[in-house]
Each structure stands twice: as C-alpha cells, then as structure tokens.
Amino acid sequence: MPNLLLIESPGKVKKLGQILGSGWVIKASMGHVRELANDGDDALGFDLGAGSIDCRYQPRDARSKKVLAELRQAVKAADRVYIATDPDREGETIGWHLQQALNLRNPQRVVYSEITPQAVRAAIARPRTLNQDLVAAGRARDCLDKLVGYTGSRHVVWPLNNGAKSMGRVQSATLHLLCVREREIQAFVPQDYWSVWVTYREGFKAFYRSSPEPQRKASAKDGEDTGADKESERVTSQERADQLVAIAQTHPHHVLQIEGKQTTQSPPAPFITSTLQQAAGSKLHFSPEHTMRVAQALYEKGHITYMRTDSVILSAPFCESVRQYLEHHDPTNVPRKTTQHRAIKGSQEAHEAIRPTDVTHLPQQLQGELSSDQARLYELIWNRAVASQCAPARMRKTRIVTQSGNAYWEARGQVLEFAGYTRYWNNLSGDSVLPALTQGQGLQLDQAQADAKQTQPPPRYSEPKLVKLMEQKGIGRPSTYAPTIKTLRQREYVGLLQGKLQPTALGLELDGALEKLLPDLIQPEFTAQMETALDAIATGEQEWQTYLIGWNRGYFAPAIAQAKSQLLSLPTFAEHPPSSGGMPAERSTPTKAKLTNGQPTKTKCPTCGEALTKVPSRSKKMKAKHFLKCSGAGCGTVMFWDARAKRYDLPQAQRQATNSELFTDHPCPVCGALLERHAYTKDGQDKVMLRCSLLENRRGKCKEVAFFQSRGEFWSPKFGTLKLPEPQV
C-alpha cells in the first residue's frame, strides 16, 4: 500500500510527486477543510462554558465535503499518512482539522520550509506528532476572531444601519490607524516658511543654519523621510528670509569648518513577509496581496522558501553556499564577519527568512520558466538574500560649514568608496561630491535665494507602508497583513487614491462609532496584547480556553453590553425609535451621526418569525440598495436580495447551515465519493433521489447507483436501504 502525503495547495502536487516518486500518493486539502459552525449564540459555533469551550466544526462548503470524502478513501488505501500542511501556526491547525475529520489515529507530521528533494526527504525521515500548543493557538485565534467579528458586527455595527457590514479584531484596529491619519490630514492647517540657500562658484550648494554645530535629524514618524538635508532650517517670516539673503549678498564668505569621516553601512536583513511586501510595493508596484500570490507560486515551484515568516534567520548551509558563491564570483565582498540581524519581538525563530532555495539558480537563468512577475520578484528575493551575507558598504561623508556675517551655511557630501552589499541591494542615496577645500578659505558667492514653501500634511499610507506600520504596532501576523487590507477595500471602508489608502466616508463613520462604543478594541496596543497572548498559547505558556473565557468575561461581554446600552441611549435614536422593532438607518457625515427609521416590510424572519425591516445600504456590490434586518429583539438575522432567484435570501454562510445542500454525508457504495441530491419530477410530483456526485462515474461504474426516497428512507433496487455512515470524530 502506498504512503499518503496530505498537503494544502494542489500547486505543490507535481513538484512533490517528482521528488517522492512511486509509492506515494499526494492529496491536497485545498486549504482549510473545516470551520466553526454557524449555530448557537450569535452563530459563533462554540459555547463558552465556566471552564471549557465546546467547539462545533463543519466542512467549510460543498467542495470541502467532497474533498474530505475523497481523502477518506485515500486514507483507507494508504499504508501510512503524513500531514505536510504549511510550516506555520495556521498550517498546524489545518493538520489538526484533517486528523479530526479523517479520524487519523497516528498521523506523521512533517515540516519543510522549501520544496526541494533534500528538505522534503529530510522532513519525512524525521516526522513528529502534531504540536498541540500551535493547534491551541490556531483554535484560539479562530474563536477570538469569530467572537469579536460576529458578536461585534451583530450587536454594534449592524444597528448603526449605515451600510457597514462588519468589524474585526485586526480589521478594525487597522482601519483606526488609517482614520487617525485621515483626521490628522483633515485638521491640518498649512503654515508658510522659507528655505534659504546659497551657491558658490567653487561648485556646491549650502543651506542656512542658525548654528555651526551639527543638527540632530528630526525623527521620521512611522519611518517617513523628513528630507531634512534638502532644505535649510525653517525660516518663519518673509522679513527674516530677506534679511538672511541680504547678509549673504553683502558679507564675504569663508570656510569655517570641514568635517570628514569614513563610515560603514551594514547590509539589510533578508526578507520577512512584511519587508518583502514593502520592497515589492516600492520597487515593483505590487500590492501586498499580489506579492503573496506571486511568492506562493515561486514557493510551490521550489524556487524560494516559505513566504509567511517573521524570522530573519538563514540556515547555515545556505549561508555557506552564498559565501562560496561570493568567493568564486565576487571575492572582495566576502565579509570578515557576517552581519547579525536583529529579529523582531515575538518572531518564530524556528523558521527561516525568505530566500532562494539554491543561490546558484541565478535570476537570469530562470527567466524562461517563470512569468514576468515571478521573475521580477525572484530577482528581488535573490538579491536581498545575497546582499544580507555581503560585506558592509564603506562611505566617506563630508560636512562643510561656511560663514557670512552672523549667518552659517551647511553643505553635506557623501562618496561611496566600497560598494559592498550595495552591488546587490542599493539602499543608499547617490554620490554627492563636494570640492576639496581648506579651513579658512574664502569663497565666491554665486547666488543667494529664499524659497517660499508651505508645510505639508502627513501623507496617507500606501499598502506597503501600512503593512510596515501594522508590523511595528503588533497588529496581526505575517499571514494576516494582506488579507486584512483586502477586506478593508472589499467592505468599502477604504479606497485607493493615487496609490494611497484613503478611508471612505463609511470607513470614517464606522471608526468614529467604534471609537465611542468599543474604544479599547480598536487601539493598536490592545490588539497587540491579544497577539502576545496568542503567542504565549503557541509556546505552551498559556492555556487557550482559560484565556478566551477570561478575556470574554473580564472585557468583551461587558464591553458589548455597554456598547448596546450606549446605542439605545443615543439622543437621535431615542427621539426616533423604530416603529416595528427595527433599528434606524444611518446617514451621516464622518463627524456626526444622524439616525432615521428603517422601513418595515411584510417579509417574515426565517429564524424567529418577526417582521423584517428594510435598511438602506451604500454597497455597490449588492443587487439592491437595501437589505432586510430582523426586528425581533436579539435576533439580528439579515437577508439580501438575490436578483437571479428574484427573492430575499440569507447570507451564504448561514444559507449553507440552514438550507438543504447538494452534497450529503453518505458515500457512494461503489467509488466512495459523496452522494448528491438530485431533484426531478415524475407524474407531476416533485421527487428527490441520491446519486454519485462524480459525473464521470455516473456515466460509468456508478451508473446504477440511485437511491429513491420512500417513506422517509432512501432505497435502491441494487443496494437496498441506505445506511447512515459511522460518525467522524
């Protein structure tokens, strides 16, 4: 019997098949196969008890049901089962779900960070059991995100009736960062100032300084370039600017100070997820989502290591291979001592940074087998990984201070003397050469001028800059950066304006409401504390159920109750109570909410039977400019217009949990695939039969598989009465 290797993505099957050869069957789970059910309080799918949490899981969708049925058949035919899901917390959790859904008693967990023969075979030779601490952290994250998202959306966001659909633990904190910056921009009042400078016939330009002492550079907010070297100290009046120009024009100039020093610049660390997204954004103009999609393809083809990581560590064999490459091709760049890069707090040091799997696979050699975007991103990753192992760059920096009257003027120069790592990754500004001068030397003024300028508001964040800020603030983890930004755009809470993220009126309105109703939850520091707690669970320092129950009891449940009370006590809400129990619809500016009534309808709620209220919506993706919301106390059911079926229907997730589904839990008695329901009409009556769900099999070996409904059972002329399958753990 063959060995069975369970992986996540079907894109890896071919490469892994080539590595493992015959005797192996490789099956993909297509990502997540199970999720928390949409039942119970607020459709959470789990119950928070006094000391434990009861989770109820279900297949994510019809495709997952079909995949699990096929995997069960593969498990039956296998000698041994290996779980090779992705090497991170999420991958470990998917592996646990596969173990539970497939009833695997002793699965072998294998982990590799690159799809190469050496790495894959080494991992299979050293299998381990599933890491239950990582699984606990993954389950805790799922429950925490659903608790915040579903409960907060249902009880806080939906009652606003302004078209906002959801909030989330990471999503809302990230939106708050964007809204804080947008309000800074809106409140910004520009101020006039002047930049005063001189040029000399000796061939350089100098800027006004009030003192000959070196200025400390202004710290850049959130990593932004202040441009302090490109203008003078700010002169705040036209009169003073004109006075300085007059001094420069009427007084002789001479060299007061010359400072020269040799400095080194260490190479940057190899890429982690966030820095890859930032570099691909600035150099290739890729969005974070596109960057990860291209990186996934490179990983599946075996060209780079796993791309969701926050570790800057590189394996010793790879570092040695880079050193050998440099000794043969760039010997002057071999460092005496390789730079040690500092890891970010909380990074998973067991993982590696993003790097090429083989340094001898040069970017130009792979052009033929990669798409244009894949080739460009691979070159970026290759260059950065090699640069991280090179010698530092060496520069000579020069500072010249000149004087005329009581005014001082400063010029700065920089010359690269040894390129070092910048041959592969140039992050230095270009050479700025100053002439050879001597202290006390007189200078010939060529021009003196004052440029009128205005202070500028802080810039909006690009997607890569936002990723960097999320990392700095501790919001989310590598796997969540790109999906979070994608969700904010899909919800129409933010849009792109000239390549920068700008909150919409709806986004600002929602953030303003959450700032009043759930102020702690949207603060980056508060979200970062939750991430720290999840990290503690992943290392076995914290029990996940105890943490989640305590967090809900101590903070979240009281916060939601208080938010609901505040909603009801809003002055505009109290003045216009809903006529039929529905919540009022909101139309507001970003700074002041204005609530109006929803419109009652004759449609009944499928959950509790109360009347549904028509709520206006701004979403362009909806087929109608409204949706229906239940007016029953505490119900919160919503329904959307289905233009194709010409009726209102529940959201897809709830629809799957309540409506009859195409696929059943019964396996086909011939091939093992799931049986599907097939509706047909006979003698004017609507009937249902069960048949094999695989079309190719229905035309062949499963042609006679047909169970007809009779007296509450399904019966087949060939296979008899349908027996229920044994329950899966």
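Residues numbered from 1 in each chain as written. Predicted model: local features only at pLDDT ≥ 70, side-chain atom pairs only at ≥ 80, totals over all residues. Heavy atoms only, no water.

Draft legend 1. Structural context of the environment of Thr603. Mapped onto the secondary structure, Thr603 falls in strand β20 (residues 599-604). Separated by ten residues in sequence, Thr603 and Thr613 place their C-alpha atoms 8.3 Å apart. (Helix = DSSP H or I, 4+ residues; strand = E, 2+ residues; numbered from the N terminus.)

Draft legend 2. Region of the structure containing unusual backbone geometry. One non-glycine residue with positive phi stands out, namely Ala43, at about 55 degrees. Residue position: Ala43 is located in the loop between β3 (34-36) and β4 (46-48). Not every positive phi belongs to a glycine, and Gln498 is a case in point at roughly 55 degrees. You can see Gln498 is positioned in the loop between β16 (494-497) and β17 (500-503).

Draft legend 3. Main features of the environment of Ala482. Its location among the elements puts Ala482 in helix α13 (residues 481-490). Sequence separation between Ala482 and Ser274 is 208 residues; the distance between their C-alpha atoms is 9.4 Å. If we ignore the near neighbours within four places in the chain, the residues touching Ala482 are Gln277, Pro288, Glu289 and Met292. (Contact = heavy atoms within 4.5 Å.)

Draft legend 4. Looking closely at the sheet that holds strand β8 (residues 108-109). Pairing in this open sheet of four strands is parallel, and the strands run β2-β1-β7-β8 from one edge to the other. A single partner strand is all that each edge strand has here, and the edge strands are β2 (24-28) and β8. Inspection of the sheet shows strand β7 (residues 80-83) paired to β8 by two bridges, in the parallel sense. Residue pairing for β8: Ile83 is matched across the bridge by Arg109. (Pairing = 2+ DSSP bridges.)

Draft legend 5. A look at the packing of aromatic side chains. The tally for this structure, following the rule as stated, stands at 14 aromatic pairs. Taken together, a centroid distance of 5.1 Å and an interplanar angle of 45 degrees make the contact between Trp24 and Tyr82 tilted. In this pair, Trp24 sits in strand β2 while Tyr82 sits in strand β7, placing the two residues 58 residues apart along the sequence. The same class applies to Trp24 as to Tyr82, namely buried. Both rings, one in Tyr208 and one in Trp409, keep their centres 5.9 Å apart while their planes meet at 70 degrees; by these two values the pair is edge-to-face. Of this pair, Tyr208 sits in strand β10 (residues 204-209) while Trp409 sits in strand β13 (residues 407-418), and the two are 201 residues apart along the sequence. Across the pair, exposure class does not vary: Tyr208 and Trp409 are buried alike. An aromatic cluster is built from Phe526, Trp551, Tyr555 and Phe556, whose rings are joined through pairwise contacts. The lysine or arginine in question, Lys205, covers the ring of Trp197, its NZ or CZ lying 4.2 Å from the ring centre. For Arg384, the ring lying beneath its charged end belongs to Trp425, and the centroid distance is 4.9 Å. (Phe/Tyr/Trp six-rings, centres within 6.5 Å; stacked < 30°, edge-to-face > 60°. Buried < 20%, exposed > 50% of the residue type's maximum accessible area, 1.4 Å probe, protein only. Lys NZ or Arg CZ within 6 Å of the ring centre and 35° of its normal.)

Draft legend 6. Spatial organisation of the side chain of Ser232. Topologically, Ser232 is positioned in the loop between β10 and α7 (238-250). Looking at Ser232, the relative accessible area reads 5%, which means it is buried. A distance of 3.0 Å separates a polar side-chain atom of Ser232 from the backbone nitrogen of Val196. (Polar contact = N/O pair within 3.5 Å; in protein donor to acceptor, adjacent residues only side chain to side chain.)

Draft legend 7. Structural context of the packing of helix α12 (residues 463-473) against α13. Put simply, α12 and α13 touch, their axes get as near as 10 Å, and they point 120 degrees apart. In terms of axis orientation, α12 runs oblique to α13. Helix-helix and strand crossings are classified by hand; for α12 and α13 the assignment is right-handed. Taking contact as the criterion, the partners of Glu463, Leu466, Val467, Met470 and Glu471 in α12 are, on α13, Tyr481, Thr484, Ile485 and Arg489. A per-class count over the contact of α12 with α13 returns five nonpolar, one polar and three charged. (Axes fitted to C-alpha atoms, helices over the stretch in contact; angles between N-to-C directions. Parallel < 35°, antiparallel > 145°, perpendicular 65-115°, else oblique. Left-handed = near helix turned anticlockwise from the far one by under 90°. Nonpolar A, V, L, I, M, F, W, Y, C, P; charged D, E, K, R; others polar.)

Draft legend 8. Focus on the nonpolar core. Counting residues in hydrophobic clusters, the biggest one holds 70 residues, and the most contacted among them are Leu518, Leu521, Trp544 and Trp551. For this core, the secondary-structure elements that each account for two or more residues are β5 (53-55), α5 (132-157), α6 (169-187), α12, α13, α14 (505-517), α15 (524-538) and α16 (544-569). Listed in part, the 59 residues of the second largest apolar core include Ala375, Ala387, Met395 and Tyr421. (Core = buried A, V, L, I, M, F, W, Y, C linked by side-chain atoms within 4.5 Å.)

Draft legend 9. Structural detail: empty space enclosed by the protein. Taken as a whole and assessed by the stated rule, the structure comprises one cavity of 30 Å³ or more. Estimated volume of the largest cavity: approximately 30 Å³. Lining the largest cavity, in full, are Val157, Trp158, Asn161, Asn162, Gly163, Ala164 and Phe627. In terms of residue class, the lining of the largest cavity is made up of four nonpolar, three polar and no charged. (1 Å grid on protein atoms, 1.4 Å probe; cavity = no way out; pocket = protein on both sides within 12 Å on 5 of 7 lines; lining within 4 Å. Points joined across faces, edges and corners; volume = space filled by probe spheres on them.)

Draft legend 10. Just the confidence of the model for the chain, in detail. Looking at the chain as a whole, the pLDDT averages 86, with 88% of positions reaching at least 70. Counting interchain partners and residues more than four positions distant, the pLDDT-below-50 stretch residues 725-729 has eleven contacts. (pLDDT = per-residue confidence, 0-100.)

Draft legend 11. View of the sheet that holds β20. Spatially, β20-β21-β22-β23-β24 is the arrangement adopted by the five strands of the open sheet, whose pairing is antiparallel. At either margin of the open sheet sits one strand with a lone partner, and together these are β20 and β24 (647-649). Here the strands of the sheet are splayed against their neighbours by 40 degrees on average, with no regard to which way each runs. Relative to strand β22 (residues 626-630), strand β21 (residues 611-616) runs antiparallel, the two being bridged by five bridges. Among the inter-strand pairings, Lys614 is bridged to a residue of β22, identified as Leu628.

Draft legend 12. Structural view of the state of the cysteines. For the structure shown, the criterion picks out zero disulfides. You can see Cys55 has no disulfide; the closest cysteine sulfur is in Cys143, sitting 3.8 Å from it. Classification of Cys55 by relative accessible area gives buried; the value is 15%. The thiol sulfur of Cys668 is not disulfide-bonded, and the nearest other cysteine sulfur, from Cys702, lies at 3.7 Å. Given the relative accessible area of 4%, Cys668 is considered buried. (Disulfide = S-S within 2.5 Å.)

Draft legend 13. Representation of α14 in the model. In this model, α14 (13 residues) spans 18 Å end to end at C-alpha, consistent with the 18 Å of a helix rising 1.5 Å per residue. Those residues of α14 that fall on the buried side of the exposure criterion are Leu506, Gly507, Leu508, Glu509, Leu510, Asp511, Gly512, Ala513, Leu514 and Leu517. (Expected span 1.5 Å × (residues − 1).)

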